[in-house]
Amino acid sequence: MKKIALLGVTALAIVSLTACSSGNSSATKSSGKATTSTSSSKKETAKATAKWDDATKTFTSKVGVLKIDGVEKTTDYDSKPSIKVNFTLTNKQDKAENVQTLVMSMMKVQQKTTNTTNDLEYAILMNDSENHLQDNLNPNGTISGSYSYVLDTETDPIQIHFMENMFSEPVATYEVSL
């Protein structure tokens, strides 16, 4: 029951956090396995505030800096194949923010199979006490943590889409082979 309530509060916080934001992309450039989207005129501000650096695996937006430290295969509490996305996150806002809310507003993880691309669901791991998702990150604070997802298949690649906010189009995509 607590998890459902927490999920509801988190969703409400994300909606209110993203209500004032907007984002769109039109042109797509490809660089290796990372894809960066940019557009002109009105979106130059978004381009300046949201960018992906493939060399350092770092996404920077107006709300934070999210560095992907690694992706590892694991299993969840029910022995389903899962992945753990390890990250370092910095809060660039002027108020404390929940780590899970920040991560969810900055990235979405999908798995690309032969015929479909599906959003991956959150995985509950047995020994994941250091994920720091329930911590509140102070302004300019930095924390390392992890976010886990249940895989659809154990072999198809995953795509991490980076966004200005939870409801915007991806600014960049990073693909990871399993």
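Residues numbered from 1 in each chain as written. Predicted model: local features only at pLDDT ≥ 70, side-chain atom pairs only at ≥ 80, totals over all residues. Heavy atoms only, no water.

Draft legend 1. Structural view of the side chain of Thr 90. Turning to its location among the elements, Thr 90 is positioned in strand E6 (residues 81-91). For Thr 90, the side chain forms a polar contact with the side chain of Thr 142, separated by 2.8 Å. When residues no more than four places from it in sequence are discounted, the contact partners of Thr 90 are Val 63, Gly 64, Val 65, Leu 137, Asn 140, Gly 141 and Thr 142. (Helix = DSSP H or I, 4+ residues; strand = E, 2+ residues; numbered from the N terminus. Polar contact = N/O pair within 3.5 Å; in protein donor to acceptor, adjacent residues only side chain to side chain. Contact = heavy atoms within 4.5 Å.)

Draft legend 2. Expanded view of the pairing of strand E14 (residues 170-176). Most of E14 is tucked away, with five of its seven residues classed as buried. Relative to E14, strand E13 (residues 158-163) runs antiparallel, the two being bridged by six bridges. When the bridges of E14 are listed, Ile 158 appears paired with Val 176. Remark: six residues form the turn of the hairpin made by E13 and E14, two consecutive strands paired antiparallel. (Buried < 20%, exposed > 50% of the residue type's maximum accessible area, 1.4 Å probe, protein only. Pairing = 2+ DSSP bridges.)

Draft legend 3. View of a nonpolar patch on the surface. Taken together, Tyr 77, Tyr 122, Ile 124 and Met 126 make up a surface patch of nonpolar side chains, about 440 Å² in accessible area. Among the residues examined, Met 126 registers a relative accessible area of 64% and is labelled exposed. (Patch = residues over 30% accessible without salt bridge, like charges linked within 9 Å, V, L, I, M, F, W, Y side chains within 5 Å. Areas by Shrake-Rupley, 256 points an atom, 1.4 Å probe, with all protein chains shown as cover. Salt bridge = Lys/Arg side-chain N within 4 Å of Asp/Glu carboxyl O.)

Draft legend 4. Looking closely at the sheet that holds strand E3 (residues 51-53). Strand order in the open sheet formed by six strands is E3-E4-E5-E6-E12-E10, and the pairing between neighbours is antiparallel. Edge positions in the open sheet fall to E3 and strand E10 (121-122), since each of these has one partner strand only. Taken together, the three bridges between E3 and strand E4 (residues 58-60) define a ladder with antiparallel strand orientation. Note on E4: the bridge partner recorded for Lys 51 is Thr 60. Sheet contacts for helix H3 (residues 99-106): E4, strand E5 (64-75), E6 and strand E12 (142-150); angle to E6, the most-contacted strand, approximately 105 degrees. (Axes fitted to C-alpha atoms, helices over the stretch in contact; angles between N-to-C directions.)

Draft legend 5. Molecular detail of H3. Of all eight residues in H3, seven are buried; the element is thus mostly enclosed. Taken as a whole, H3 has its buried residues at Val 99, Gln 100, Thr 101, Leu 102, Val 103, Ser 105 and Met 106.

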